[in-house]
Amino acid sequence: MLLETRALTANYGQFGALFGVDITVAAGECLAIIGANGAGKSTLMRSITGVIRNEPGMVLHKGEPIGALPSAEILKRGIAMVPEGRRLFASLSVEENLLIGGQARKASGPWSLEAVYDLFPILRERRKNPGTALSGGQQQMVAIGRALMSNPELLLCDEISLGLAPVVIRDIYAALPKVRQSGAAIVLVEQDIGKALAVADRVYCMMEGRVTLVAKPAEVTREEVHSAYFGVAA
Amino acid sequence: MIWLDTLVQGILLGGLYALFAAGLSLVFGIMRLVNLAHGDLIVFAAYLVLMGVTLLGLSPWVAALIAMPAMFALGWLLQAAVLNRVLGKDILPPLLVTFGLSVALQNGLLEAFSADSRRIPVGALEGASLDLGLVTVGVMPLMTFASAIVAIVALNGLFYHTALGRAFRATSDDAVTAGLMGIEPKRVFAVATGIAMVVVTLAALYLGMRANFDPSIGPARLIYAFEAVIIGGLGSLWGTLAGGIIIGVAQAAGAAVNPEWQILAGHIAFLAVMLLKPRGLFPRAVD
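Residues numbered from 1 in each chain as written. Chains lettered and ligands numbered in written order. Predicted model: local features only at pLDDT ≥ 70, side-chain atom pairs only at ≥ 80, totals over all residues.

### Here we look at the overall build of chain B
Right, on to step 1. When its secondary structure is counted, chain B shows eleven helices and two strands.
Right, on to step 2. Its helices and strands in sequence order give chain B the pattern α-α-α-α-β-β-α-α-α-α-α-α-α, from N to C terminus.
Right, on to step 3. In terms of overall size, chain B behaves like a compact globule, its C-alpha atoms giving a radius of gyration of 19 Å where 287 residues would be expected to give roughly 19 Å.
Right, on to step 4. C-alpha atoms of chain B, sized along the principal axes, occupy 60 × 50 × 35 Å. (Helix = DSSP H or I, 4+ residues; strand = E, 2+ residues; numbered from the N terminus. Rg over C-alpha atoms; globule rule 2.2 N^0.38 Å.)

### A few points about the packing of helix H2 (residues 38–54) of chain B against helix H4 (residues 92–113) of chain B
If you want to describe how two helices pack, look at the angle between their axes and the distance between the axes.
Residues and elements named next belong to chain B.
Right, on to step 1. Put simply, H2 and H4 touch, their axes get as near as 9 Å, and they point 25° apart. Taken together, the axes of H2 and H4 lie roughly parallel to each other. Of the two possible hands of crossing, H2 and H4 adopt the one that is left-handed. Side by side, H2 and H4 meet where Asp40, Leu41, Val43, Phe44 and Tyr47 of the first sit next to Ser102, Leu105, Gln106, Leu109 and Phe113 of the second.
Right, on to step 2. Here the contact of H2 with H4 is built from residues that sort into seven nonpolar, two polar and one charged. (Axes fitted to C-alpha atoms, helices over the stretch in contact; angles between N-to-C directions. Parallel < 35°, antiparallel > 145°, perpendicular 65-115°, else oblique. Left-handed = near helix turned anticlockwise from the far one by under 90°. Contact = placed C-beta atoms within 7 Å. Nonpolar A, V, L, I, M, F, W, Y, C, P; charged D, E, K, R; others polar.)

### A few points about helix H6 (residues 163–173) of chain B
Right, on to step 1. Burial in H6 of chain B covers these residues: Arg166, Ala167, Phe168, Arg169, Ala170, Thr171 and Ser172 of chain B.
Right, on to step 2. Buried residues along H6 of chain B sit in contact with helix H3 (94–101) of chain A together with helix H1 (2–31), helix H5 (139–161), helix H7 (175–180) and helix H8 (185–210) of chain B. (Buried ≥ 20, exposed ≤ 12 C-beta atoms within 10 Å, placed from the backbone.)

### Here's the deal with the pairing of strand E2 (residues 15–25) of chain A
Right, on to step 1. When strand E1 (residues 3–12) of chain A meets E2 of chain A, the two strands line up antiparallel, connected through eight bridges. Pairing of Tyr12 of chain A across the sheet is with Phe15 of chain A, part of E2 of chain A. (Pairing = 2+ DSSP bridges.)

Okay, structure coming up:
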């Protein structure tokens with residue numbers, strides 16, 4: 001298994017955010033994690049990427065415990081993150097934001113500056129601009145490109161459609177099949193149920209820090225998702 | 001003509017202050033750390049160069065070249081072993097630790113070298129001057145200023161045109177997200193402090209060659225450096241040079257009116273800039 005969490009718990013001080021979360025991601029798979037605000041999706045991402053440290057055995061990468069490793073070590077193992085809110089570096093140009101994504105992990109793979117520019121051609125035109133001077137959608141493209149620059153085996157995308165216009169979301173999602181073709185597994189954290197079900201191989205639904213549903217999109221009914229998402233039947 | 005001479009001497013003096021301040025500016029720009037021991041570290045490096053000259057018989061330039069990697073290692077260790085442990089949201093712990101380090105350094109130097117003032121011998125260069133027609137300038141102040149320019153060009157090149165510089169700026173912007181990019185902020189901070197100590201050694205070389213020094217003069221150098229950084233705008237290296245020049249010119253002008261006003265005039269210039277531009281002339285940092 002490429003990535004696995006086992007009985008993962010996380011707390012913010014005395015406030016518990018995750019209560020025994022088990023997920024698995026196979027190589028090349030596209031997984032969606034859906035849930036309402038406060039369900040624990042972002043905390044799960046922060047736990048996997050070492051922003052929140054856990055017991056070592058709560059997160060496994062190819063069977064090895066990585067739960068207590070710092071973020072930099074997680075990235076070097078091939079797990080890259082597109083963080084919620086993009087979080088581009090304000091002092092860096094678009095191109096520098098992309099370059100820094102591939103700076104620490106020198107892995108061979110399909111992604112390079114040119115490959116990212118081919119994926120999002122608008123970034124080639126804007127490459128000298130400050131990253132934060134771009135529109136929200138273009139910033140999201142930079143954030144995705146920045147994560148791809150490390151040629152990851154697993155790409156974690158936290159709320160990549162949040163706050164973007166539908167037409168922009170369509171463009172961003174149009175890039176995901178190309179990312180999958182490159183061999184990377186994808187974990188999409190989404191509030192948009194429709195978007196998530198359309199692209200994912202499997203979907204996890206979370207509510208109040210727990211997984212409430214695991215299913216393949218084709219095999220799950222709208223009512224089941226609704227119930228797992230909101231805690232009440234549609 | 002006297003005023004032109006005063007202006008030129010002040011600008012050249014500003015080069016020395018910029019050298020004092022460049023390392024401080026670099027460290028503050030990257031990790032928002034105010035190192036209160038910065039002046040004492042300059043004095044420490046000056047003694048290191050002096051030992052190379054007096055004990056090993058080296059020229060000051062060679063002694064400084066040898067001291068630079070040693071000071072880099074000291075800076076790296078200081079950051080990795082001590083300062084990284086106290087960096088965080090609260091700005092008080094690093095201030096207290098570097099204040100303690102300042103006191104310890106002063107007393108350590110006092111024990112090792114006594115309170116006698118010393119000077120790095122440079123021979124004929126000390127009094128050498130160039131006649132530029134309208135004004136005559138000392139070779140040593142000219143070299144100091146040129147070194148400040150070279151140091152700032154080099155630091156800017158490092159900061160804006162290398163992978164390490166990208167890591168510096170990214171970590172300064174957002175250390176958590178830099179971690180997600182595989183950058184280890186604590187390692188970046190240690191390298192930055194090491195580089196700052198190389199610049200400190202250059203500043204120490206000119207400090208020791210131009211004037212007498214003793215273990216107690218560090219805090220005053222810190223204040224000049226700090227004023228230059230604040231005038232220039234936090235985190236801007238060219239701003240730091242401008243800040244150094246403003247203090248230097250103000251001091252030279254004050255001294256031209258009345259020698260007792262030299263130091264005071266520099267501080268008044270600092271206060272005046274703070275009144276007019278509270279964030280400094282060329283602020284880079286947002287906070």
